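Read off the chains here:
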Amino acid sequence: MTRYLRSFLSIRCLVALTCLALAQSGCKDDENPTKVINPLENPEDGPAAGNPDGKYPIPSAAGTEDVTNPDQMIGDGTAASCTGQLVVDAIAKGGKIVFDCGADPITITLPETAKIYNDASDEVVIDGGGLITLSGAGKRRILYMNTCDQSLTWTTSHCQDQQYPKLTLQNITFADGNSTSEKEYTGGGALWVRGGQLKVVNCRFFNNVCADTGSDLGGGAIRAFDQYEDRPIYVVNSTFGGEEGYGNSGSNGGALSSIGVSWTIINSLFSHNTAVGNGGNPAQSGTPGGGSGGAIYNDGNKMTLKVLGSLIENNEVNAYGAAIFFVSNNHTGNIVIEKSVIRNNAGGSWYPVYPGISMHDDTDIKVIDSEITE
(Lines give C-alpha, C1' and ligand atoms only; values in the text may rest on other atoms or scores of the structure.)
Protein backbone atom coordinates (compact mmCIF):
# COMPACT_ATOMS: atom_id res chain seq x y z
CA MET A 1 0.00 0.00 0.00
CA THR A 2 1.46 3.38 -0.96
CA ARG A 3 2.10 6.08 1.61
CA TYR A 4 -0.46 8.31 -0.18
CA LEU A 5 -3.18 5.64 0.01
CA ARG A 6 -2.44 4.91 3.70
CA SER A 7 -2.62 8.60 4.42
CA PHE A 8 -5.89 8.95 2.51
CA LEU A 9 -7.46 6.02 4.35
CA SER A 10 -6.29 7.43 7.69
CA ILE A 11 -8.03 10.69 6.91
CA ARG A 12 -11.21 8.85 5.90
CA CYS A 13 -11.12 6.90 9.17
CA LEU A 14 -10.63 10.10 11.14
CA VAL A 15 -13.62 11.67 9.40
CA ALA A 16 -15.72 8.58 10.07
CA LEU A 17 -14.79 8.55 13.76
CA THR A 18 -15.48 12.27 14.05
CA CYS A 19 -18.89 11.84 12.43
CA LEU A 20 -19.68 8.90 14.71
CA ALA A 21 -18.89 11.03 17.73
CA LEU A 22 -21.11 13.77 16.33
CA ALA A 23 -23.85 11.50 15.07
CA GLN A 24 -26.58 13.33 16.90
CA SER A 25 -25.27 16.57 15.39
CA GLY A 26 -25.98 15.32 11.89
CA CYS A 27 -22.37 15.23 10.69
CA LYS A 28 -21.92 13.90 7.18
CA ASP A 29 -18.87 13.24 5.03
CA ASP A 30 -19.59 16.46 3.13
CA GLU A 31 -20.27 18.46 6.30
CA ASN A 32 -17.05 18.10 8.25
CA PRO A 33 -16.84 20.59 11.11
CA THR A 34 -14.80 23.70 10.36
CA LYS A 35 -13.16 26.27 12.61
CA VAL A 36 -14.68 29.73 12.29
CA ILE A 37 -12.73 32.64 13.81
CA ASN A 38 -15.16 35.22 15.20
CA PRO A 39 -13.63 38.74 15.43
CA LEU A 40 -16.85 40.01 17.03
CA GLU A 41 -16.73 37.56 19.93
CA ASN A 42 -15.46 40.33 22.26
CA PRO A 43 -16.23 43.59 20.44
CA GLU A 44 -15.51 47.06 21.70
CA ASP A 45 -18.97 48.28 20.74
CA GLY A 46 -22.29 46.59 21.55
CA PRO A 47 -23.19 42.94 22.24
CA ALA A 48 -20.96 40.20 20.88
CA ALA A 49 -21.74 38.19 17.76
CA GLY A 50 -23.12 34.75 18.51
CA ASN A 51 -24.25 32.67 21.46
CA PRO A 52 -21.33 32.61 23.94
CA ASP A 53 -22.37 29.10 25.02
CA GLY A 54 -22.88 27.80 21.48
CA LYS A 55 -20.49 24.95 20.68
CA TYR A 56 -22.30 23.22 17.84
CA PRO A 57 -20.01 21.91 15.06
CA ILE A 58 -20.08 24.19 12.02
CA PRO A 59 -20.24 22.50 8.59
CA SER A 60 -17.62 23.66 6.11
CA ALA A 61 -20.35 25.06 3.85
CA ALA A 62 -21.39 27.39 6.69
CA GLY A 63 -17.93 28.84 7.33
CA THR A 64 -16.49 32.18 6.30
CA GLU A 65 -15.33 32.84 2.77
CA ASP A 66 -11.66 33.50 2.00
CA VAL A 67 -11.05 37.19 1.29
CA THR A 68 -7.25 37.02 1.22
CA ASN A 69 -7.33 38.37 -2.33
CA PRO A 70 -10.27 40.80 -2.41
CA ASP A 71 -11.72 42.29 -5.55
CA GLN A 72 -12.37 45.63 -3.86
CA MET A 73 -10.88 47.47 -0.90
CA ILE A 74 -12.87 50.31 0.64
CA GLY A 75 -10.69 52.94 2.32
CA ASP A 76 -7.02 53.86 2.49
CA GLY A 77 -6.41 53.15 6.16
CA THR A 78 -8.34 56.06 7.64
CA ALA A 79 -11.91 56.36 8.86
CA ALA A 80 -12.51 59.43 6.72
CA SER A 81 -11.71 57.49 3.56
CA CYS A 82 -14.58 55.04 4.15
CA THR A 83 -17.71 56.77 2.92
CA GLY A 84 -21.20 55.41 2.48
CA GLN A 85 -21.17 56.17 -1.24
CA LEU A 86 -18.02 54.09 -1.70
CA VAL A 87 -19.80 51.19 -0.01
CA VAL A 88 -22.87 51.53 -2.26
CA ASP A 89 -20.67 51.69 -5.37
CA ALA A 90 -18.55 48.70 -4.32
CA ILE A 91 -21.55 46.49 -3.59
CA ALA A 92 -23.03 47.34 -6.99
CA LYS A 93 -19.83 46.00 -8.61
CA GLY A 94 -19.87 42.78 -6.54
CA GLY A 95 -17.00 40.42 -5.84
CA LYS A 96 -15.13 40.13 -2.56
CA ILE A 97 -15.31 43.40 -0.65
CA VAL A 98 -13.18 44.32 2.38
CA PHE A 99 -12.46 47.50 4.33
CA ASP A 100 -9.33 49.44 5.33
CA CYS A 101 -10.70 52.12 7.61
CA GLY A 102 -8.18 52.08 10.47
CA ALA A 103 -7.77 50.02 13.61
CA ASP A 104 -10.90 51.21 15.46
CA PRO A 105 -14.54 50.26 14.99
CA ILE A 106 -16.35 52.60 12.60
CA THR A 107 -19.96 53.18 11.57
CA ILE A 108 -20.52 53.98 7.91
CA THR A 109 -23.88 55.55 7.11
CA LEU A 110 -25.21 54.75 3.65
CA PRO A 111 -26.76 57.59 1.61
CA GLU A 112 -29.03 55.06 -0.13
CA THR A 113 -29.81 51.36 -0.03
CA ALA A 114 -26.91 49.30 -1.38
CA LYS A 115 -28.09 47.03 -4.22
CA ILE A 116 -26.62 43.80 -5.52
CA TYR A 117 -26.79 43.59 -9.31
CA ASN A 118 -27.42 40.10 -10.62
CA ASP A 119 -24.98 40.39 -13.51
CA ALA A 120 -22.11 41.99 -11.57
CA SER A 121 -20.50 38.82 -10.20
CA ASP A 122 -21.45 35.30 -9.18
CA GLU A 123 -19.95 35.69 -5.71
CA VAL A 124 -20.52 38.68 -3.45
CA VAL A 125 -18.75 38.68 -0.10
CA ILE A 126 -18.95 41.66 2.25
CA ASP A 127 -16.41 41.27 5.06
CA GLY A 128 -16.21 43.95 7.75
CA GLY A 129 -13.20 42.47 9.52
CA GLY A 130 -15.00 42.83 12.85
CA LEU A 131 -14.69 46.64 12.75
CA ILE A 132 -17.39 47.85 10.35
CA THR A 133 -20.99 48.79 11.04
CA LEU A 134 -23.19 49.67 8.08
CA SER A 135 -26.03 51.97 9.08
CA GLY A 136 -29.29 52.95 7.44
CA ALA A 137 -29.48 55.97 9.76
CA GLY A 138 -32.99 54.92 10.75
CA LYS A 139 -34.17 56.09 7.31
CA ARG A 140 -33.55 53.32 4.78
CA ARG A 141 -32.96 49.62 4.24
CA ILE A 142 -29.25 48.81 4.17
CA LEU A 143 -28.95 46.02 1.58
CA TYR A 144 -31.20 44.68 -1.19
CA MET A 145 -30.82 41.65 -3.47
CA ASN A 146 -33.56 40.35 -5.77
CA THR A 147 -32.95 38.07 -8.74
CA CYS A 148 -36.47 38.78 -10.03
CA ASP A 149 -36.13 42.57 -10.02
CA GLN A 150 -35.66 43.69 -13.65
CA SER A 151 -33.95 46.88 -12.53
CA LEU A 152 -31.13 44.72 -11.16
CA THR A 153 -30.96 42.73 -14.45
CA TRP A 154 -32.53 39.35 -15.12
CA THR A 155 -29.83 36.78 -15.73
CA THR A 156 -31.89 33.59 -16.17
CA SER A 157 -35.34 32.55 -17.30
CA HIS A 158 -36.00 31.11 -13.85
CA CYS A 159 -35.21 34.02 -11.57
CA GLN A 160 -37.05 32.42 -8.65
CA ASP A 161 -34.56 29.51 -8.58
CA GLN A 162 -31.10 30.48 -9.77
CA GLN A 163 -27.70 29.73 -8.30
CA TYR A 164 -26.22 33.21 -8.34
CA PRO A 165 -25.53 35.68 -6.89
CA LYS A 166 -24.15 33.90 -3.82
CA LEU A 167 -24.14 36.50 -1.07
CA THR A 168 -22.03 36.09 2.08
CA LEU A 169 -22.12 38.63 4.89
CA GLN A 170 -19.37 38.10 7.44
CA ASN A 171 -17.65 39.84 10.33
CA ILE A 172 -19.89 42.90 10.08
CA THR A 173 -22.71 44.75 11.84
CA PHE A 174 -25.95 46.10 10.37
CA ALA A 175 -27.63 48.82 12.43
CA ASP A 176 -30.56 51.22 12.18
CA GLY A 177 -31.94 49.88 8.92
CA ASN A 178 -35.51 50.96 8.23
CA SER A 179 -37.70 49.69 5.39
CA THR A 180 -41.01 51.13 6.58
CA SER A 181 -41.21 53.39 3.53
CA GLU A 182 -40.93 50.45 1.09
CA LYS A 183 -44.20 49.71 -0.71
CA GLU A 184 -43.41 46.90 -3.16
CA TYR A 185 -40.71 44.82 -1.44
CA THR A 186 -41.80 45.14 2.15
CA GLY A 187 -40.08 43.83 5.28
CA GLY A 188 -36.38 43.34 5.82
CA GLY A 189 -35.21 46.39 7.74
CA ALA A 190 -31.53 45.58 7.20
CA LEU A 191 -31.66 43.08 4.33
CA TRP A 192 -34.21 41.92 1.75
CA VAL A 193 -33.13 38.95 -0.38
CA ARG A 194 -34.70 36.79 -3.06
CA GLY A 195 -33.03 34.14 -5.21
CA GLY A 196 -29.42 33.04 -5.36
CA GLN A 197 -28.00 32.01 -2.00
CA LEU A 198 -27.46 33.82 1.29
CA LYS A 199 -25.07 33.06 4.15
CA VAL A 200 -24.56 35.12 7.32
CA VAL A 201 -21.51 34.47 9.53
CA ASN A 202 -20.18 36.45 12.52
CA CYS A 203 -22.70 39.27 12.07
CA ARG A 204 -24.71 41.53 14.35
CA PHE A 205 -28.08 43.16 13.68
CA PHE A 206 -29.06 46.07 15.91
CA ASN A 207 -32.17 48.27 15.90
CA ASN A 208 -33.39 47.41 12.43
CA VAL A 209 -37.11 47.87 11.73
CA CYS A 210 -39.69 47.18 9.03
CA ALA A 211 -43.41 47.92 8.73
CA ASP A 212 -45.14 47.44 12.06
CA THR A 213 -48.45 46.01 10.78
CA GLY A 214 -49.45 43.54 8.09
CA SER A 215 -50.52 39.90 8.18
CA ASP A 216 -47.69 38.40 6.13
CA LEU A 217 -44.75 40.77 6.06
CA GLY A 218 -41.88 41.21 8.44
CA GLY A 219 -38.25 40.61 9.22
CA GLY A 220 -37.00 43.47 11.35
CA ALA A 221 -33.51 42.41 10.31
CA ILE A 222 -33.83 39.97 7.36
CA ARG A 223 -36.64 39.08 4.94
CA ALA A 224 -35.94 36.15 2.58
CA PHE A 225 -37.53 34.32 -0.35
CA ASP A 226 -36.65 31.67 -3.00
CA GLN A 227 -33.22 30.24 -2.25
CA TYR A 228 -31.48 28.21 -4.97
CA GLU A 229 -32.69 24.58 -4.97
CA ASP A 230 -34.41 25.34 -1.65
CA ARG A 231 -31.03 25.21 0.06
CA PRO A 232 -31.02 26.56 3.61
CA ILE A 233 -29.80 29.98 4.61
CA TYR A 234 -26.95 29.55 7.10
CA VAL A 235 -26.85 31.95 10.04
CA VAL A 236 -23.72 31.28 12.11
CA ASN A 237 -22.22 32.95 15.21
CA SER A 238 -24.57 35.90 14.75
CA THR A 239 -26.59 38.11 17.08
CA PHE A 240 -29.97 39.72 16.54
CA GLY A 241 -30.45 42.21 19.35
CA GLY A 242 -28.42 40.77 22.19
CA GLU A 243 -29.25 43.30 24.88
CA GLU A 244 -32.07 45.66 25.80
CA GLY A 245 -32.03 48.61 23.44
CA TYR A 246 -30.49 46.66 20.55
CA GLY A 247 -33.42 44.52 19.38
CA ASN A 248 -35.00 44.46 15.93
CA SER A 249 -38.70 44.92 15.24
CA GLY A 250 -41.35 44.29 12.59
CA SER A 251 -44.93 43.24 12.08
CA ASN A 252 -43.88 39.56 12.09
CA GLY A 253 -40.49 38.01 12.72
CA GLY A 254 -38.75 40.54 14.90
CA ALA A 255 -35.41 39.26 13.58
CA LEU A 256 -36.07 36.88 10.65
CA SER A 257 -39.04 36.48 8.32
CA SER A 258 -39.38 34.29 5.25
CA ILE A 259 -41.79 32.59 2.87
CA GLY A 260 -40.94 29.02 1.84
CA VAL A 261 -37.33 29.29 2.99
CA SER A 262 -35.31 26.85 5.10
CA TRP A 263 -32.87 28.08 7.74
CA THR A 264 -29.95 26.48 9.54
CA ILE A 265 -29.08 28.64 12.54
CA ILE A 266 -25.90 27.73 14.40
CA ASN A 267 -24.44 29.15 17.64
CA SER A 268 -26.49 32.35 17.34
CA LEU A 269 -28.33 34.65 19.73
CA PHE A 270 -31.80 36.18 19.37
CA SER A 271 -32.97 38.46 22.14
CA HIS A 272 -35.07 41.61 22.65
CA ASN A 273 -36.66 41.36 19.22
CA THR A 274 -40.37 42.12 18.85
CA ALA A 275 -43.21 41.25 16.48
CA VAL A 276 -45.43 44.28 16.94
CA GLY A 277 -48.27 43.64 14.47
CA ASN A 278 -51.77 42.93 15.65
CA GLY A 279 -54.31 40.31 14.62
CA GLY A 280 -52.24 37.41 13.29
CA ASN A 281 -52.35 35.82 9.83
CA PRO A 282 -54.93 35.82 8.37
CA ALA A 283 -55.77 39.06 10.11
CA GLN A 284 -58.63 38.90 12.56
CA SER A 285 -61.59 41.07 11.69
CA GLY A 286 -60.94 44.71 12.46
CA THR A 287 -57.17 44.31 12.78
CA PRO A 288 -54.27 45.10 10.42
CA GLY A 289 -52.70 41.68 11.02
CA GLY A 290 -49.31 40.49 12.17
CA GLY A 291 -47.67 40.14 15.55
CA SER A 292 -46.20 36.63 15.19
CA GLY A 293 -42.69 35.25 15.59
CA GLY A 294 -40.82 37.26 18.19
CA ALA A 295 -37.49 36.05 16.83
CA ILE A 296 -38.29 33.91 13.78
CA TYR A 297 -41.25 33.80 11.38
CA ASN A 298 -41.45 30.90 8.85
CA ASP A 299 -44.39 30.56 6.48
CA GLY A 300 -44.84 28.59 3.26
CA ASN A 301 -44.88 24.93 2.36
CA LYS A 302 -42.09 22.35 2.69
CA MET A 303 -39.28 23.96 4.66
CA THR A 304 -36.95 23.19 7.53
CA LEU A 305 -35.88 25.21 10.51
CA LYS A 306 -32.77 24.03 12.37
CA VAL A 307 -31.80 25.83 15.57
CA LEU A 308 -28.44 24.44 16.69
CA GLY A 309 -26.34 25.60 19.62
CA SER A 310 -28.37 28.79 19.82
CA LEU A 311 -30.10 30.93 22.44
CA ILE A 312 -33.54 32.52 21.90
CA GLU A 313 -34.69 34.58 24.87
CA ASN A 314 -36.48 37.78 25.86
CA ASN A 315 -38.32 38.21 22.57
CA GLU A 316 -41.95 39.35 22.49
CA VAL A 317 -45.08 39.07 20.33
CA ASN A 318 -48.66 40.26 20.25
CA ALA A 319 -50.22 37.27 18.44
CA TYR A 320 -48.41 33.90 18.08
CA GLY A 321 -44.98 32.39 18.57
CA ALA A 322 -43.13 34.38 21.23
CA ALA A 323 -39.92 32.73 20.04
CA ILE A 324 -40.76 30.95 16.77
CA PHE A 325 -43.71 30.95 14.36
CA PHE A 326 -43.53 28.01 11.92
CA VAL A 327 -46.54 27.30 9.71
CA SER A 328 -46.32 24.95 6.76
CA ASN A 329 -49.50 25.41 4.78
CA ASN A 330 -49.44 21.85 3.43
CA HIS A 331 -48.25 20.40 6.77
CA THR A 332 -44.83 19.36 5.45
CA GLY A 333 -41.40 20.43 6.62
CA ASN A 334 -39.89 20.07 10.05
CA ILE A 335 -38.17 21.75 12.97
CA VAL A 336 -34.95 20.53 14.62
CA ILE A 337 -33.77 22.12 17.87
CA GLU A 338 -30.50 20.78 19.23
CA LYS A 339 -28.17 21.91 22.01
CA SER A 340 -30.17 25.13 22.25
CA VAL A 341 -32.05 27.16 24.85
CA ILE A 342 -35.40 28.86 24.28
CA ARG A 343 -36.69 30.71 27.36
CA ASN A 344 -38.29 33.86 28.77
CA ASN A 345 -40.06 34.87 25.57
CA ALA A 346 -43.26 36.79 26.17
CA GLY A 347 -46.77 37.04 24.79
CA GLY A 348 -48.78 35.21 22.20
CA SER A 349 -50.73 31.97 22.25
CA TRP A 350 -51.28 28.73 20.28
CA TYR A 351 -48.49 26.59 21.72
CA PRO A 352 -49.62 22.98 21.07
CA VAL A 353 -46.36 21.24 22.01
CA TYR A 354 -43.68 23.61 23.32
CA PRO A 355 -43.97 27.04 24.94
CA GLY A 356 -43.00 29.92 22.69
CA ILE A 357 -43.28 27.86 19.47
CA SER A 358 -46.44 28.22 17.35
CA MET A 359 -46.91 25.46 14.77
CA HIS A 360 -49.43 22.86 13.63
CA ASP A 361 -49.77 20.10 16.17
CA ASP A 362 -48.72 17.57 13.52
CA THR A 363 -45.51 19.41 12.59
CA ASP A 364 -42.49 17.14 12.75
CA ILE A 365 -40.34 18.62 15.53
CA LYS A 366 -37.25 17.05 17.08
CA VAL A 367 -35.78 18.50 20.26
CA ILE A 368 -32.40 17.11 21.30
CA ASP A 369 -30.38 18.09 24.38
CA SER A 370 -32.20 21.42 24.61
CA GLU A 371 -34.16 23.54 27.08
CA ILE A 372 -37.50 25.04 26.07
CA THR A 373 -39.37 26.89 28.81
CA GLU A 374 -41.75 29.78 29.22
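Residues numbered from 1 in each chain as written. Predicted model: local features only at pLDDT ≥ 70, side-chain atom pairs only at ≥ 80, totals over all residues. Heavy atoms only, no water.

A look at the sheet that holds strand β21 (residues 316-317)
Spatial ordering of the open sheet is given by β13-β17-β21, a layout of three strands whose pairing is parallel. A single partner strand is all that each edge strand has here, and the edge strands are β13 (249-250) and β21. Direction of pairing for β13 relative to strand β17 (residues 274-275): parallel, over a ladder of two bridges. Bridge pairing links serine 249 to threonine 274 in β17. (Pairing = 2+ DSSP bridges. Helix = DSSP H or I, 4+ residues; strand = E, 2+ residues; numbered from the N terminus.)

Concerning empty space enclosed by the protein
Counted by the stated rule, this structure contains one cavity of 30 Å³ or more. Lining the largest cavity, in full, are Asp226, Gln227, Asp230, Arg231, Gly260, Val261 and Ser262. Of the residues in the lining of the largest cavity, the class split is one nonpolar, three polar and three charged. (1 Å grid on protein atoms, 1.4 Å probe; cavity = no way out; pocket = protein on both sides within 12 Å on 5 of 7 lines; lining within 4 Å. Points joined across faces, edges and corners; volume = space filled by probe spheres on them. Nonpolar A, V, L, I, M, F, W, Y, C, P; charged D, E, K, R; others polar.)

Things to note about the environment of proline 47
Here proline 47 shows up in the loop between α1 (3-21) and β1 (72-74). Residue proline 47 is classed as buried on the basis of its relative accessible area of 5%. Distance in space between the C-alpha atoms of proline 47 and glutamate 244 is 9.9 Å, their sequence separation being 197 residues. (Buried < 20%, exposed > 50% of the residue type's maximum accessible area, 1.4 Å probe, protein only.)

What to know about the packing of aromatic side chains
Evaluated as defined, the whole model comprises eleven aromatic pairs. Ring plane angle 10° and centroid distance 5.3 Å describe the contact between phenylalanine 174 and phenylalanine 205, whose orientation is recorded as stacked. Linking phenylalanine 174 in strand β7 (residues 166-175) with phenylalanine 205 in strand β9 (residues 197-206), this pair joins segments that are 31 residues apart in sequence. For phenylalanine 174, a relative accessible area of 1% puts it in the buried group. Residue phenylalanine 205 is classed as buried on the basis of its relative accessible area of 0%. Seen from their ring centres, phenylalanine 206 and tyrosine 246 are 4.8 Å apart, and the 70° between their planes marks the pair as edge-to-face. Note that phenylalanine 206 is positioned in strand β9 and tyrosine 246 in the loop between β12 (239-241) and β13, a separation of 40 residues in sequence. Given the relative accessible area of 25%, tyrosine 246 is considered partly exposed. One aromatic cluster is present, formed by Tyr144, Tyr185, Trp192 and Phe225 through successive ring pairs. (Phe/Tyr/Trp six-rings, centres within 6.5 Å; stacked < 30°, edge-to-face > 60°.)

Section: the layout of surface pockets
For the second largest pocket, the calculated volume is near 360 Å³. In this structure, the second largest pocket is lined by 18 residues; those nearest its centre are Val36, Glu41, Gly54, Asn237 and Asn267. Of the residues contributing to the lining of the second largest pocket, the split by class is eight nonpolar, seven polar and three charged.

Notes on the state of the cysteines
According to the stated counting rule, one finds two disulfides in the structure shown. Linked covalently through their sulfurs, cysteine 82 and cysteine 101 form a disulfide whose S-S length is 1.9 Å. Looking along the S-S bond of the cysteine 82-cysteine 101 disulfide, the torsion reads about -100°, which is the left-handed sense. Remark: cysteine 101 occurs in the loop between β2 (95-99) and β3 (106-109) and cysteine 82 occurs in the loop between β1 and α2 (84-93); sequence separation between them is 19 residues. Cysteine 82 gets classed as buried once you look at its relative accessible area, which sits at 6%. Linked covalently through their sulfurs, cysteine 148 and cysteine 159 form a disulfide whose S-S length is 2.0 Å. Looking down the S-S bond of the cysteine 148 and cysteine 159 bridge, the torsion is 100°, so its handedness is right-handed. Taken as a pair, cysteine 148 in the loop between β6 (143-146) and β7 and cysteine 159 in the loop between β6 and β7 lie far apart in primary sequence, eleven residues in all. The pair cysteine 148 / cysteine 159 is uniform in exposure class, with both members buried. Listing the disulfide partners of the protein chain by sequence rank of the bonded cysteines yields 1-2, 3-4. With no disulfide of its own, cysteine 203 lies 16 Å from the sulfur of cysteine 101, the closest cysteine sulfur. By relative accessible area, which is 0% here, cysteine 203 ends up buried. (Disulfide = S-S within 2.5 Å.)

Comments concerning the pairing of β2
In terms of burial, β2 is largely enclosed, as four of its five residues are buried. Bridge count for β1 against β2 is three bridges, and the pairing is parallel. Its bridge partner lying in β2, isoleucine 74 is registered against phenylalanine 99. Across three bridges, β2 lies against strand β5 (residues 123-135) in parallel orientation. In the sheet register, isoleucine 97 faces β5, and the bridge partner there is isoleucine 126.

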